Amino acid sequence: MEVGTMRSRIAIQKATPSVDEVGNHINAWADFHSCFAAVNLVSGKEYAVAGQIQNGDTLQFVIRWCEKFRDLNTTQYRIVFQGDLYNIISVDEVLFRRESLKLIGERVRR
């Protein structure tokens, strides 16, 4: 793992379920951890929604492993990178050495 390539600041957020004043169940997102990552484009695509062209980028984030990430999963966590939200679609502990994690994130259309 080459730490010098980790130049991009990302924030990992965790969803905590809560209930609003009407009784609806919603996820409240809170910052869980902020760190530097090596970010690469995995794939990009364009598609039309309501007559507008939308981008659907998939990025790979490589971060250093720490004990906080032991329970990191694809359903309760997401990534904030350069003001965009990315749903985590894959978590890979590289070679199971507890040195780095490879996260694949797909940009959320807002």
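Look up: the structure comes first, before these words.
Only a predicted model underlies this, so the values are computations on that prediction, with no experimental measurement involved.

Enquirer: Would you explain the sheet that holds strand 6 (residues 77-81) in this entry?
Expert: Pairing between sheet strands relies on hydrogen bonds along the backbone, with the strands arranged either parallel or antiparallel. With antiparallel pairing, the 6 strands of this closed barrel are ordered in space as 1-2-5-8-7-6. Averaged over all pairs of adjacent strands, the angle between their axes in this sheet comes to 45°, without regard to strand direction. Relative to strand 5 (residues 58-64), strand 2 (residues 25-43) runs antiparallel, the two being bridged by 5 bridges. The partner of serine 43 across the bridge, within strand 5, is threonine 58.

Enquirer: Explain the pattern of salt bridges here, please?
Expert: Here the structure, examined in full by the defined rule, presents 3 salt bridges. In this structure, arginine 107 and aspartate 57 form a salt bridge, with 2.8 Å as the shortest nitrogen-oxygen distance. With arginine 107 in strand 8 (residues 100-107) and aspartate 57 in the loop between strand 4 (52-55) and strand 5, the pair connects residues that are 50 residues apart, well separated along the chain. Using a relative accessible area of 24% as the deciding quantity, one classes arginine 107 as partly exposed. Of the charged contacts in the structure, one is a salt bridge between aspartate 84 and arginine 107, with a shortest N-O distance of 3.1 Å.

Enquirer: Explain the pairing of strand 6 to me, please; I cannot follow it from the model alone.
Expert: Regular strands place side chains that alternate from one sheet face to the opposite one. With respect to burial, strand 6 is a largely interior element, 4 of its 5 residues being buried. Note: strand 1 (residues 8-19) against strand 6, 4 bridges, orientation antiparallel. Residue isoleucine 12 lies in a different strand from strand 6, and its bridge partner there is isoleucine 79. As judged from the 4 bridges shared by strand 6 and strand 7 (residues 84-93), these two strands associate in the antiparallel manner. Bridge pairing links valine 80 to leucine 85 in strand 7. A loop of 2 residues connects strand 6 with strand 7, the two strands running antiparallel in sequence, and glutamine 82 in this loop sits at a positive phi of about 50°.

Thresholds, definitions, all that
Residues numbered from 1 in each chain as written. Predicted model: local features only at pLDDT ≥ 70, side-chain atom pairs only at ≥ 80, totals over all residues. Heavy atoms only, no water. Pairing = 2+ DSSP bridges. Helix = DSSP H or I, 4+ residues; strand = E, 2+ residues; numbered from the N terminus. Axes fitted to C-alpha atoms, helices over the stretch in contact; angles between N-to-C directions. Salt bridge = Lys/Arg side-chain N within 4 Å of Asp/Glu carboxyl O. Buried < 20%, exposed > 50% of the residue type's maximum accessible area, 1.4 Å probe, protein only.

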